[in-house]
Amino acid sequence: MASEFIDIVTSLTAIMEEETARLLAPGRHADFAEMAAAKIKLVAAIEIKTSEHARTRAEWLATLDGETRNRLTAAIEQLGVAAQVNARVLERQIDLSTEMMGAVATEARRLSGMRGAIYGASGVLTCSELATPISVNASL
């Protein structure tokens, strides 16, 4: 039972490390959706195993032999390190994407001349920038 749990944790660690490496590498990578789905599935499996152990054998960690406990501890530590690195890289990529979309939107507004000005009855000139439709090429 513990070996199955260790296998799940090890698989999740491997996927996170691969995703991190791909995010840091130049070029396009088309299978991030599959990697995210695999991560979700493995996290769900970990949650299921953890809740099963808590319900059926609350003291299961204490019953492990020393070698198995050491393997489990090492696997969980590696998962923690991989998750932290993966989270930082994902956050950086999301921030870069957000900034890039903002820059594209600003440039599209500038080029399209989608600015408006309203001269009010009291003599106040109110300027506004109208939203410019942007289409995103999903293959980028």
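Residues numbered from 1 in each chain as written. Predicted model: local features only at pLDDT ≥ 70, side-chain atom pairs only at ≥ 80, totals over all residues. Heavy atoms only, no water.

Things to note about the confidence of the model for the protein chain
Overall, the predicted model of the protein chain reaches an average pLDDT of 84, with 86% of residues at or above 70. Ranking the elements of the protein chain by mean pLDDT puts strand β1 (residues 115-119) last with 69 and helix α1 (residues 2-24) first with 92. (pLDDT = per-residue confidence, 0-100. Helix = DSSP H or I, 4+ residues; strand = E, 2+ residues; numbered from the N terminus.)

A word on the packing of α1 against helix α2 (residues 32-56)
Viewed as axis vectors pointing N to C, α1 and α2 meet at an angle of 155°, and their least axial separation amounts to 10 Å. Of the possible angle classes, the one that applies to α1 and α2 is roughly antiparallel. Classified by chirality, the crossing of α2 by α1 is left-handed. Each of Glu4, Phe5, Ile8, Val9, Ser11, Leu12, Ile15, Met16, Glu18, Glu19, Arg22 and Leu23 in α1 lies in contact with α2, whose residues at this interface are Phe32, Met35, Ala38, Lys39, Leu42, Val43, Ala45, Ile46, Lys49 and Thr50. Of the residues contributing to the contact of α1 with α2, the split by class is 14 nonpolar, two polar and six charged. (Axes fitted to C-alpha atoms, helices over the stretch in contact; angles between N-to-C directions. Parallel < 35°, antiparallel > 145°, perpendicular 65-115°, else oblique. Left-handed = near helix turned anticlockwise from the far one by under 90°. Contact = heavy atoms within 4.5 Å. Nonpolar A, V, L, I, M, F, W, Y, C, P; charged D, E, K, R; others polar.)

What to know about α2
Here α2 contains 25 residues, and its C-alpha end-to-end distance of 36 Å stays within 8% of the 36 Å for a straight helix at 1.5 Å per residue. Along α2, the residues that are buried comprise Met35, Lys39, Leu42, Ile46, Lys49 and His53. (Expected span 1.5 Å × (residues − 1). Buried < 20%, exposed > 50% of the residue type's maximum accessible area, 1.4 Å probe, protein only.)

Here we look at the nonpolar core
What tends to happen in soluble globular proteins is that the nonpolar side chains get buried as a cluster. In terms of nonpolar packing, the biggest core is built from 17 residues, with Phe5, Val9, Leu12, Ile46, Trp60 and Leu72 touching the most fellow members. Elements represented by at least two residues in this core include exactly α1, α2 and α3 (66-112). Ranked by the residues each element gives to this core, the list is headed by α1, at eight residues. (Core = buried A, V, L, I, M, F, W, Y, C linked by side-chain atoms within 4.5 Å.)

Focus on the pattern of salt bridges
A complete count under the given rule lists four salt bridges for this structure. For Arg22, the salt bridge is made with Glu18, and the minimal N-O distance between the two is 2.8 Å. Here Arg22 and its partner Glu18 are both found in helix α1, four residues apart, which amounts to about one turn of the helix. Residue Arg22 is classed as partly exposed on the basis of its relative accessible area of 24%. A residue is classified by how much of its surface remains accessible, and Glu18, at 37% relative accessible area, is partly exposed. (Salt bridge = Lys/Arg side-chain N within 4 Å of Asp/Glu carboxyl O.)

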